[in-house]
Amino acid sequence: MDRIVVQGGTRLTGEVAVSGSKNSTLALMAAALLADSETVLQNVPKLRDTDGMLDILRALGATAEWVESEKSTVRIDASTVSNPEAPYDLVRKMRASFLVMGPLLARFGTARVSEPGGCAIGVRPVDQHLKGFEALGGKVRLDHGYVEATSAGRLLGARVAFDINTVNGTQNVMMAATLARGETVLENAAREPEVVELAHVLIKMGADISGAGSDRIVVRGVEDLRGVKHQVAGDRIEAGTLLAAGIITQGDVRITGVDTSTLESTLDKLRDVGAELEVGSTWVRAVAAGRPRAVRVVTAPFPGYPTDMQAQLMALLSVAEGSSVVTEHVFENRFMHVPELQRLGADIALSGRSAHLRGVPRLMGAPVMATDLRASAGLIVAALAADGDTTVNRVYHIDRGYERIEEKLGGLGARIWREG
Ligand code: EPZ
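Notes on the structure follow. Worth saying up front: this structure is predicted, and the values here are computed from it rather than measured.

Conventions used here
- Residue positions are given per chain, counted from 1 along the sequence in the order it is written.
- pLDDT decides what is reported in this predicted model: residues at 70 or higher carry local features, side-chain atom pairs at 80 or more are listed and counted, and totals for whole chains, interfaces and linings draw on all residues regardless.
- Side-chain measures here rest on the full set of heavy atoms in the structure, leaving out hydrogens and waters.
- In short, DSSP must find at least two bridges between two strands for them to pair.
- Strands are runs of DSSP state E lasting at least 2 residues, helices are runs of H or I lasting at least 4, and numbering of each runs from the N terminus.
- Any pair of residues with heavy atoms lying within 4.5 Å of one another is described as a contacting pair.
- With axes taken as lines fitted to C-alpha atoms, and helix axes fitted only over the stretch in contact, angles between N-to-C directions fall between 0 and 180 degrees.
- For each residue, the test is whether any non-hydrogen atom lies within 4 Å of the molecule or strand; if one does, the residue is near.
- Nitrogen and oxygen atoms within 3.5 Å of one another constitute a polar contact, given that in protein one can donate a hydrogen and the other can accept it, and given that sequence-neighbouring residues count only through two side-chain atoms.
- Method for areas: the Shrake-Rupley scheme with a 1.4 Å probe, in which residue coverage is limited to the protein chains shown.
- In the scheme used here, Gly and all other residues not listed as nonpolar or charged are polar, with Ala, Val, Leu, Ile, Met, Phe, Trp, Tyr, Cys and Pro taken as nonpolar and Asp, Glu, Lys and Arg as charged.
- The split into domains, and so the bounds of each, comes from an automatic or database assignment of domains.

Take the sheet that holds strand S6 (residues 85–86) next. Strand order in this open sheet of 4 strands is S6-S7-S9-S8, and the pairing throughout is mixed. In this open sheet, the two strands that pair with only one neighbour each are S6 and strand S8 (139–143). Summarising the sheet, strand S7 (residues 110–114) and strand S9 (residues 146–150) pair through 5 bridges and their orientation is antiparallel. Looking at the pairing, Ala 111 lines up with Ala 149 of S9. The sheet contacts of helix H4 (residues 101–108) involve S7 and S9, and relative to S7 the element is tilted by about 160 degrees.

A word on the site of the ligand. As a matter of local geometry, the ligand sits amid 22 residues, with Gln 128, Thr 166, Asn 168, Asp 308 and Val 330 nearest to it. The separation between an oxygen atom of the ligand and a polar side-chain atom of Asn 23 is 3.1 Å. Backbone polar atom of Val 167 to an oxygen atom of the ligand: 2.9 Å apart, as the coordinates give it. In isolation the ligand offers 820 Å² of accessible surface; the protein chains occlude 88% of this area. Counting residues per element, the ones that place at least two in the shell around the ligand are helix H1 (22–31), helix H5 (127–135), helix H6 (167–177) and helix H12 (373–384). Looking at the shell around the ligand residue by residue, the classes come out as 9 nonpolar, 7 polar and 6 charged. When residues of the shell around the ligand are sorted by domain, at least three fall in each of domain 1 (3–19 + 234–419) and domain 2 (22–231).

In structure tokens:
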């Protein structure tokens with residue numbers, strides 16, 4: 001099943017619930033390595049990436065499996081971890097595997113993880129993660145494509161000032177600090193909801209953390225952590241994606257199962273585009289009010305406009321009234337969807353980190369190629385409003401981060417199916 005076909009032109013209406021957050025799940029699965037007893041995660045989306053992380057945990061010697069009797073639930077028991085090495089053939093498939101580094105180093109004093117290569121959206125180095133591990137007393141070295149970190153005894157609390165805003169870097173070092181001796185202060189920490197949710201679960205596990213959600217997080221090391229049960233928050237990016245799908249089709253959709261306080265900058269931008277929104281604490285109803293309006297947007301770390309929603313907004317703006325500018329400030333190469341949107345008839349000119357769009361009245365269906373997870377989502381959003389059929393190839397990219405996307409959109413009235 002390698003491609004999705006969308007027959008554009010139907011107005012989306014109705015209600016759909018989002019799945020659990022992919023990015024929160026990946027960090028929480030890594031955090032389970034810190035515990036010497038069982039962790040149960042509920043509301044886990046069944047994705048290539050979440051299955052990929054379970055494979056990594058099993059390679060390390062943990063028990064990590066879906067609980068057959070309970071939907072969307074995984075069980076992880078890291079008391080049996082015996083091999084602190086995450087192999088290249090698994091890490092290369094999903095760079096978030098690097099999140100196991102901090103927990104392994106903290107709990108076992110040694111970690112060996114294949115250096116995650118870059119990906120379509122950028123080089124994506126891990127220098128800030130390593131800076132944090134070294135500040136905590138870890139000895140880090142590169143060895144034939146692997147990052148190896150060791151510590152003679154327990155890690156020692158320290159002050160870590162990140163040079164740039166990094167979500168997984170903040171999460172990785174915060175996890176490492178939970179079992180260090182003494183106090184760690186993370187300055188210039190990421191404020192994303194996925195950092196806050198991870199801190200919340202670590203505290204439930206017995207960690208002593210304050211300040212998560214601000215740019216200064218304080219972690220006081222404890223002796224050990226225990227496994228807990230946690231229901232993963234709804235996926236804020238999937239929610240934004242489904243809202244954009246409803247709006248581009250002039251629809252009326254209600255998206256449920258998400259903490260809307262994590263979506264504010266996205267909702268603000270959708271209002272600027274002209275959608276009428278009703279917002280509850282865990283749901284959003286979006287009613288399109290005519291053709292989208294052109295806007296300017298700059299992606300930024302939370303609470304700014306999320307880079308993971310950039311392609312989806314660009315799809316919407318490609319049929320807006322007027323000219324828009326989309327500036328990507330987080331990743332250096334996150335415009336891979338532009339040539340594909342141009343194949344659908346979008347009028348986009350790139351200049352450095354900005355894409356300049358002149359809205360067109362209608363897009364035209366065409367075969368397009370998915371290049372990365374959120375680019376694929378943007379192409380599907382665009383295809384929903386295009387005349388005729390669009391075939392999105394290499395759809396495995398979208399399966400990395402969206403659970404049953406065609407069922408969710410189909411449930412809202414979209415004509416969408418898998419082929420191949
Ligand atoms: C997380 O990636 C998310 N992934 C990404 O979502 C998201 O786009 C990104 O945060 C930004 O919000 C997961 O949580 C699994 P960063 P992460 O470290 O943490 C540079 C999706 O589509 N950087 O915040 O890897 C980096 O190159 C994915 O769901 C360094 O230079 O992103 C980038 O330019 C895509 N050195 C910027 O910082 C470092 O050590 C932000 O990256 C780390 C990062």
